[in-house]
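Remarks on the overall topology
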Amino acid sequence: MAQERPTGPILNGLPTQVPDTDPEETQEWLDSLDSAIESGGRDRARYLMLRMLERARDSQVGIPSLTTTDYLNTITPEQEAWFPGDEDMERRYRAWIRWNAAVMVHRAQHPDISVGGHISTYASQATLTEVGFNHFWRGRDHEGGGDQVFFQGHASPGIYARAYLEGRLNEADLDGFRQEKSKGLRDDVQTVPSYPHPRSMPEFWQFPTVSMGLGPMNAIYQATFNKYLHNRGLKDTSQQHVWAFLGDGEMDEPESRGLLQVAANDELDNLTFVVNCNLQRLDGPVRGNGKIVQELESFFRGAGWNVIKVLWGRGWDDLIAQDASGALVNLFNTTPDGDFQTFRANDGAWIRDHFFGRDPRTKELVKDWSDEDIWWRLKRGGHDYRKVYAAYQAAMNHTGQPTVILAHTIKGYSLGTGFAGRNATHQMKKLSLDDLKAFRDSLKIPVTDEQLEADPYRPPYYHPGADDEAIRYLRDRRTTLGGYLPKREPSTTTLKLPEEKIYDVAKKGSGKQMVATTMALVRIFKEWMRDKEFGKHLVPIIPDEARTFGMDSFFPTAKIYNVHGQNYTSVDADLMLAYKESEQGQILHVGINEAGSVAAFTAAGTSYDTHDVPMVPFYIFYSMFGFQRTGDGIWAAADQLARGFMIGATAGRTTLTGEGLQHADGHSPLLASTNPAVVSYDPAYAYELAHILPTGLDRMYGENPEDVIYYVTVYNEPMQQPAEPEDVDVEGILAGMHRISTDEAQQEGKHVRLLASGVGVPWALEAQQLLRDDWGVSADVWSVTSWSELRREAMACDEDAFLHPEQERRVPYVTRRLSEGQGPIVATSDYMRAVQDQIAPWVPEDYHALGADGFGFADTRAAARRFFHIDGPSMAVKALQMLADRGELDPQVARDAAEKYSLLDVNAGRSGVAGGDA
């Protein structure tokens, strides 16, 4: 029988200097707890313990914080769930997967290819993933709906190697690794990307994870969204579980740890993190002088997570049981990670001398062990499928908390001494001939020396055939669990989109009322919410600025989602727009948390795939804190093929008066243009929104859905919204530009064109009037709803002409439309000049863009616009200068205009509305 291990100072939860003065009473308390568990279950016992801790705090009883435990497995051998699989069968094909994963990367390093790849990450986590594949992860065909697994990005070769044994990929596919275009154009090849990229492999991968730190965050909000769907009655997700595989080095990313409290607060017991603690980051140890497992245990436990450590394989069990003195546990606790890494890079004799030899009591424990026994029997827990299975089972049985499993592994495990535990192992892409032979021998792969020597750069893959009993076992396990993973399937559910008449509210204009485009957009959104069929599929996402955007009216009706409901009386409960939380709430109000908001957007925007329940995320935020702050998350959302609306509110460099530098967005449309999946619009008027938004809905959720994201910038500056003209140019609004005003009074004489977007359109109209009234120059004014869409269409025309010179050349839309008028062209917006310069190559006339370049600052709108020289008078002066440069006007006229409008005096600025509600 195993001896009870002695407790240490506070590490094990209780201060050891406190004596047990009444053992009989202590046993009665323990018996009571056992009885509560037996009669009421774990949930009841958990509630009682929480109440006891609460009462202890109220009574000022000092309770030590349970932050870290000894460097031992959380689950003792006596507590381990029995492993139900066929150990021999699973070991056989796990070796084949290891071999094929390494060979795939090695073959991609042929001198004629050399595209890189990673071998060692999967080698360290093969057991962790295989236990999941064989016994836990439910596929999409499972009656419960299937699990969502966020695979560690650098381990993708192992996932491909398993799919090869399953018959989902063939050798040609594997040989297309990292050669998506050069080999992907063949009909018989489904090339595989370097990492999990759904956009590159849309029938296979579900979640992009290799941008480290995003996986943990997105997994948390995926689990949150699963509960959200369930609590709102849209889908039963009670049997679905989210798994995220992470590296211990990845846990240094702020995003990896920054949202752990969200999972704990929401009691996401449908979420399990598996942290592959191989103690190495990309260049060396994660914590050479410390212990990353202990650090992570403390961090997760402090954040409210259930922590399970899987540190030592079964070969250690007897030694730990014999450790009556606690000397071995002390060695575990005090050995730094850098030493543990070094031990596995050496042999059994080294471990005997440099680990066990540190204490005569531990040296005595292995005196009868051979060096070979020490090397082969004393594995780390993450490589022991029995230990891993027990941890996974415990995680699945745990309720009320998310679980993290900290699994001790070796980077490059099984690849040989040249790889295992080495600092450079992450960058090592290929094996020498001797390494290949040793690797083959250790895995018992039936490949001959002759086959390896024939071409060391192209060792053969191994597949025993579909009828092999191990392959049948592998495939039967997946059939039992509901099908293959990872896997994506086309959605079978469509949404009935709102009828056209609901947009009348935006098309009729605001009359004498001053309305900002933010408010106009919210009015349309309210109509969407009221639609009985469509409305329930909307997911409003707000990072704690609902009142700024005029969305607080949603609080009492749609309510704010909270898994615990609302257990307090809101301070504004007697008001019509009271703050209201509910388990069935529709609004995801994530707090001051833009990164989490994007993660929530991603989960909602991909629900059509993960749940076959299309949801429409509507994420509204300060535009400065969108693409600039969370661009990586938005890029991952695009990779995951997310759909939905992102609304950059309080947009512009000069419009958000008084807020200052870090709130002044002068570039988000430019950043948005770099994402190929983002369709960006900068509308000026409500009636433009009335065409942009429904078109976006149709493109993303109509009969032929596209995997795009709509980014729409709106402003907090109120203005009179014009009614939609009878001859409204809908094609132009959607294509990116339409003419809104022609100066009919000046048919003869000088002509210019004025282009503006968003809040800048009124400045162009102001410039039109100044030019007409003061200088006799006529101007057409164009509202540019999307600089980037005009550019994309023009680039596509150029590409066609370049690649297909035999075909009739298409003329870009911007070129065609600007060929209709005459005169030089001046463009402005509330953004930096580069936004307007996107269309410059295709403008058929003299063109100049004004822009708000530089840092923003706090001031009035009019003064800021004059400072940047993007306002109406600045446009007028620039237009006159361009006419003068063409010889059509005396240069003195332009100089007179600059003096007349006090162009260098910021206090002379008048463009825009000084105040007013957003």
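Throughout what follows, the structure given in this document is the object of discussion. Keep in mind the model is a prediction, meaning the values are calculated, not measured.

Criteria and cut-off values
Each chain has its residues counted from 1, following the order in which its sequence is written. Totals for whole chains, interfaces and linings use every residue, but because this is a predicted model, local features are given only for residues with pLDDT of at least 70 and side-chain atom pairs only at 80 or more, for both listing and counting. Neither water nor hydrogens contribute to the side-chain values; these are computed over all heavy atoms in the structure. Runs of E in the DSSP output that reach at least two residues are strands. Runs of H or I that reach at least four are helices, and both are numbered from the N terminus. The globule rule used here is 2.2 Å times the number of residues to the 0.38 power, and the radius of gyration it is set against is calculated over C-alpha atoms. Three exposure classes are used, based on accessible area relative to the maximum for each residue type with a 1.4 Å probe and protein chains only: buried under 20%, partly exposed in between, and exposed over 50%. Note on contacts: a residue pair qualifies if any of its non-hydrogen atoms lie within 4.5 Å across the two residues. In these tables, accessible area is a Shrake-Rupley quantity obtained with a 1.4 Å probe, and a residue counts as shielded only by the protein chains included in the view. Nonpolar side chains (Val, Leu, Ile, Met, Phe, Trp, Tyr) are joined into patches within 5 Å and like charges within 9 Å, using only residues with over 30% relative accessible area and no salt bridge. Put simply, a salt bridge is a Lys or Arg side-chain nitrogen that is within 4 Å of an Asp or Glu carboxyl oxygen. Charge convention: Lys and Arg are scored as positive, Asp and Glu as negative, and His as well as the terminal groups of each chain are ignored. Taken as the charge centre is NZ of Lys, CZ of Arg, CG of Asp or CD of Glu, depending on the residue. Structural elements are reduced to axes, namely lines fitted to C-alpha atoms, with helices fitted over the stretch in contact, and the angle between N-to-C directions of any two is expressed from 0 to 180 degrees. With respect to orientation, any angle under 35 degrees is reported as roughly parallel, any angle over 145 as roughly antiparallel, any angle of 65 to 115 as roughly perpendicular, and every other angle as oblique. Crossing chirality is assigned from the near helix's rotation relative to the far helix, an anticlockwise turn below a right angle marking it left-handed and a clockwise turn marking it right-handed. Residue polarity follows a fixed list, in which Ala, Val, Leu, Ile, Met, Phe, Trp, Tyr, Cys and Pro are nonpolar, Asp, Glu, Lys and Arg are charged, and the others, Gly among them, are polar. Strands are treated as partners if at least two bridges between them are detected by DSSP. Between N or O atoms, a polar contact is any pair within 3.5 Å; within protein, one atom must be a potential hydrogen donor and the other a potential acceptor, and residues adjacent in sequence are included only when both atoms are from side chains. One less than the number of residues in a helix, times 1.5 Å, gives the span that helix is expected to have. To obtain the bend at a residue, axes are fitted to the seven residues ending there and to the seven starting there, and the angle between these axes is taken. Nonpolar core, defined: a set of buried Ala, Val, Leu, Ile, Met, Phe, Trp, Tyr and Cys residues in which side-chain atoms within 4.5 Å join the residues together. Classification of ring pairs uses Phe, Tyr and Trp, with its six-membered ring standing for Trp, and accepts pairs whose centres are within 6.5 Å; under 30 degrees between planes counts as stacked, over 60 as edge-to-face, and the remaining range as tilted. Geometrically, a lysine NZ or arginine CZ counts as sitting over a ring once it is within 6 Å of the ring centre and also within 35 degrees of the ring normal.

Moving on, we get to the overall build of the protein. Helix and strand content of the protein: 34 helices and 20 strands. For 918 residues, the compact-globule formula gives about 29 Å, and the C-alpha radius of gyration of the protein, at 32 Å, lands near that figure. Counting only C-alpha atoms and orienting by the principal axes, one finds that the protein spans roughly 105 × 75 × 50 Å. Burial status across the protein gives 57% buried among its 918 residues. Counting only contacts in the protein whose residues sit at least 6 apart along the sequence, the fraction spanning at least 24 positions is 78%. With the model as given, the accessible surface of the protein reaches about 37700 Å², and the carbon-plus-sulfur share is 49%.

The subject of this paragraph is a negative patch on the surface. A surface patch of like charges, here negative, comprises Asp20, Asp22, Glu24, Glu25, Glu28, Asp31, Asp34 and Glu38. Among the secondary structure elements, Glu25 is positioned in helix α1 (residues 23-58).

Our focus in this paragraph is helix α9 (residues 292-302). Of all the positions in α9, only Ile292, Val293, Gln294, Leu296, Glu297 and Phe300 are classed as buried. Where α9 is buried, its residues contact α7 (254-257), α8 (260-265), β3 (271-277), β4 (306-310), α12 (337-344) and β5 (403-408). Looking one or two residues past α9, Gly304 carries a phi angle of roughly 100°, positive in sign.

Another point: the packing of helix α2 (residues 87-107) against helix α17 (residues 433-443). In contact at an axis separation of 9 Å, α2 and α17 are set at 160° when each is read in the N-to-C sense. With respect to α17, the axis of α2 lies roughly antiparallel. In the packing of α2 onto α17, the handedness of the crossing is left-handed. On the side of α2, the interface is formed by Ala95, Arg98, Trp99, Ala102 and His106, while α17 contributes Leu436, Phe439, Arg440 and Leu443. Classifying every residue of the contact of α2 with α17 gives six nonpolar, one polar and two charged.

Let us now look at the side chain of Arg232. Here Arg232 shows up in the loop between α6 (214-231) and β2 (242-247). Despite its burial, Arg232 remains without a salt bridge, the nearest opposite charge being carried by Asp531 at 12 Å. Each residue touching Arg232, except ones within four places of it in the same chain, is listed here: Lys536, Leu538, Gln584, Gly585, Gln586 and Met615.

Taking strand neighbours across the sheet as the criterion, the five strands line up as β1-β2-β3-β5-β4 in an open arrangement whose pairing is parallel. Both edges of this open sheet fall to β1 (148-150) and β4, since each of them pairs with a single strand only. Each strand of the sheet is rotated relative to its neighbour by a mean of 15°, with strand direction disregarded. Where β4 meets β5, five bridges bridge the pair, whose relative direction is parallel. Residue pairing for β5: Ile308 is matched across the bridge by Ile405. Along the sheet, helix α3 (residues 120-135) contacts β2, β3 and β5; its crossing angle with β3, the most-contacted strand, is approximately 140°.

This part covers the environment of Tyr568. Within the secondary structure, Tyr568 is located in the loop between β8 (560-561) and β9 (581-582). When the C-alpha atoms of Tyr568 and Asp609 are compared, they prove to be 37 Å apart, with 41 residues separating the residues in sequence. With residues up to four places along the chain from it excluded, the contact list for Tyr568 reads Tyr579 and Glu581. Side chain to side chain, Tyr568 and Glu581 meet in a polar contact 2.5 Å long.

In this model α3 runs 24 Å from its N-terminal to its C-terminal C-alpha over 16 residues, within 8% of the 22 Å that 1.5 Å per residue would give. Of all bends in α3, the biggest is about 55°, found at Ala126.

The subject of this paragraph is the pairing of strand β11 (residues 616-622). Along β11, seven of the seven residues are buried, which leaves the element largely enclosed by surrounding structure. Relative to β11, strand β7 (residues 538-542) runs parallel, the two being bridged by four bridges. Among the inter-strand pairings, Val539 is bridged to a residue of β11, identified as Pro617. For β11 and strand β12 (residues 644-649), the ladder comprises five bridges, and the chain directions are parallel. In the sheet register, Tyr619 faces β12, and the bridge partner there is Met646.

This part takes up the nonpolar core. Across soluble globular proteins, nonpolar side chains show a tendency to be buried alongside one another. In terms of nonpolar packing, the biggest core is built from 104 residues, with Trp528, Met551, Phe645, Leu754 and Leu755 touching the most fellow members. The greatest single-element share of this core, amounting to nine residues, is contributed by helix α26 (residues 686-701). Listed in part, the 83 residues of the second largest apolar core include Val242, Val275, Val590 and Met646.

Attention now goes to the packing of aromatic side chains. What describes a pair of aromatic rings is the distance from one ring centre to the other and the angle between the planes of the rings. For the coordinates displayed, the defined rule picks out 57 aromatic pairs. For the pair Phe133 and Phe151, a centre-to-centre distance of 5.7 Å together with 20° between the ring planes defines the contact as stacked. With Phe133 in helix α3 and Phe151 in the loop between β1 and α4 (156-166), this residue pair connects regions lying 18 residues apart in the sequence. Overall, Phe133 belongs to the buried group, its relative accessible area being 1%. Of the residues examined, Phe151 reaches a relative accessible area of 3% and is grouped as buried. Aromatic side chains Phe525 and Phe618 sit 3.8 Å apart centroid to centroid with 15° between the ring planes, which places their arrangement in the stacked category. Here Phe525, found in helix α21 (residues 517-530), pairs with Phe618, found in strand β11; they are 93 residues apart in sequence, far enough to count as distant. What makes Phe618 buried here is its relative accessible area of 0%. The ring of Tyr195 is capped by Arg178, whose NZ or CZ atom sits 5.3 Å from the centre of that ring. In this arrangement the basic side chain of Arg314 is found over the ring face of Tyr385, its NZ or CZ atom lying 5.2 Å from the centre.

Now for the sheet that holds β11. Strand order in the open sheet made by the six strands is β10-β7-β11-β12-β14-β13, with parallel pairing throughout. Edge positions in the sheet fall to β10 (588-589) and β13 (678-681), since each of these pairs with one other strand and no more.

Positionally, Gly854 belongs in the loop between β20 (847-849) and α32 (861-868). Residue class for Gly854 comes out partly exposed when judged on its relative accessible area of 44%. Residues Gly854 and Glu453, spaced 401 residues apart in sequence, show a C-alpha to C-alpha distance of 62 Å.

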